[in-house]
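Take a look at the letters that make up each chain.
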Amino acid sequence: MNGRHGVDELSTALGGLSMVLALIGSIFSVSFLGWIALIIVILALVRAFMPESPARDHENQVFLDAISKVPFLSGFASGSRPRGKQSAAAADFERKKRTAQKMWDNRKTTMYFKCKNCGQILSVPRGKGRIRITCPRCGTKVEKKS
């Protein structure tokens, strides 16, 4: 794959679309949907194995710009844009994803609480009994069991 374009978001979306079309075609016994799905998969593979070109990057960017305007699909396009060019929703999605991953990784050693006053996520070590937690943002004090 050296010097090849590789799989980008548009190729992934084309693959997903073809899977949906093939599934619908097989459920409702519509054979031409299977053929359309096959053509779309071939198109996605051709895009992935093509040599790198600005035209493929431009196609992908147009796709990402179009998909970012759809509210429930805006997270799909968040991983590919340069860091400074992300929309606010995409940046918020990335931050929440990183926070959730960190909370999952540290779930055995750390407990997480949400401040009732300001919403800040607070982390405390597990197994320390009843402790007093002070929110660094608003100063609210809460006593919780860790």
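None of the values given here were measured: they were computed from a predicted structure. (Residues numbered from 1 in each chain as written. Predicted model: local features only at pLDDT ≥ 70, side-chain atom pairs only at ≥ 80, totals over all residues. Heavy atoms only, no water.)

## Considering the packing of aromatic side chains
Here comes step 1: Applying the stated criterion to the full structure yields zero aromatic pairs.
Here comes step 2: If you follow R107 out to its NZ or CZ, it ends over the ring of W104, 3.8 Å from the centre. (Phe/Tyr/Trp six-rings, centres within 6.5 Å; stacked < 30°, edge-to-face > 60°. Lys NZ or Arg CZ within 6 Å of the ring centre and 35° of its normal.)

## Here we look at unusual backbone geometry
A negative phi angle characterises most non-glycine residues, just as the trans form characterises most peptide bonds.
Here comes step 1: Positive phi outside glycine occurs at S29, with the angle close to 55 degrees.
Here comes step 2: Mapped onto the elements of the fold, S29 is located in the loop between α1 (9-27) and α2 (31-49). (Helix = DSSP H or I, 4+ residues; strand = E, 2+ residues; numbered from the N terminus.)

## Re the pairing of strand β1 (residues 110-114)
Here comes step 1: Pairing geometry for β1 and strand β2 (residues 121-125), over five bridges, is antiparallel. Note that in β2 the partner of F113 across the bridge is L122.
Here comes step 2: Where β1 folds back onto β2 in an antiparallel hairpin, the turn is made up of six residues, including G119, whose phi is positive at roughly 90 degrees. (Pairing = 2+ DSSP bridges.)

## Details of the side chain of R56
Here comes step 1: Within the fold, R56 resides in helix α3 (residues 54-68).
Here comes step 2: Once residues lying within four places of it in the same chain are set aside, the contact partners of R56 are H5, D8, R47 and M50. (Contact = heavy atoms within 4.5 Å.)

## Brief notes about the confidence of the model for the chain
Here comes step 1: Across the chain, the average pLDDT comes to 85, with 89% of residues at 70 or higher.
Here comes step 2: Averaged over each element, pLDDT in the chain is lowest for helix α4 (residues 88-105) (86) and highest for strand β3 (residues 130-134) (93).
Here comes step 3: In the model, residues 80-84 has pLDDT below 50 throughout and makes nine contacts with residues more than four positions away in sequence or in other chains. (pLDDT = per-residue confidence, 0-100.)

## Notes on a nonpolar patch on the surface
Here comes step 1: On the surface, a nonpolar cluster with roughly 500 Å² of combined accessible area is contributed by V20, L23, I24, I27 and F28.
Here comes step 2: Examined against the element boundaries, V20 turns out to sit in helix α1. (Patch = residues over 30% accessible without salt bridge, like charges linked within 9 Å, V, L, I, M, F, W, Y side chains within 5 Å. Areas by Shrake-Rupley, 256 points an atom, 1.4 Å probe, with all protein chains shown as cover. Salt bridge = Lys/Arg side-chain N within 4 Å of Asp/Glu carboxyl O.)

## Regarding the packing of α1 against α2
Here comes step 1: Taken N-terminus to C-terminus, the directions of α1 and α2 make an angle of 165 degrees; their axes are 8 Å apart at the nearest point. The angle between α1 and α2 falls in the class roughly antiparallel. Crossing of α1 against α2: the hand is left-handed. On α2, the residues that touch L10, S11, L14, G15, L17, S18, L21, A22, I24 and G25 of α1 are L33, I36, A37, I40, V41, L43, A44, R47 and A48.
Here comes step 2: Classifying every residue of the contact of α1 with α2 gives 14 nonpolar, four polar and one charged. (Axes fitted to C-alpha atoms, helices over the stretch in contact; angles between N-to-C directions. Parallel < 35°, antiparallel > 145°, perpendicular 65-115°, else oblique. Left-handed = near helix turned anticlockwise from the far one by under 90°. Nonpolar A, V, L, I, M, F, W, Y, C, P; charged D, E, K, R; others polar.)

## A short note on the pattern of salt bridges
Here comes step 1: In total, this model carries eight salt bridges according to the counting rule given.
Here comes step 2: The partner of R56 in a salt bridge is E59, with the nearest N and O atoms 2.7 Å apart. Residue R56 and its partner E59 are both found in helix α3; the two are separated by three residues, about one turn of the helix.
Here comes step 3: Among the residues examined, R56 registers a relative accessible area of 15% and is labelled buried.
Here comes step 4: For E59, a relative accessible area of 32% gives the class partly exposed. (Buried < 20%, exposed > 50% of the residue type's maximum accessible area, 1.4 Å probe, protein only.)

## A few points about the environment of G6
Here comes step 1: For G6, the location among the structural elements is in the segment before α1.
Here comes step 2: Note on G6: relative accessible area 12%, which makes it buried.
Here comes step 3: Separated by 40 residues in sequence, G6 and V46 have C-alpha atoms that sit 9.6 Å apart.

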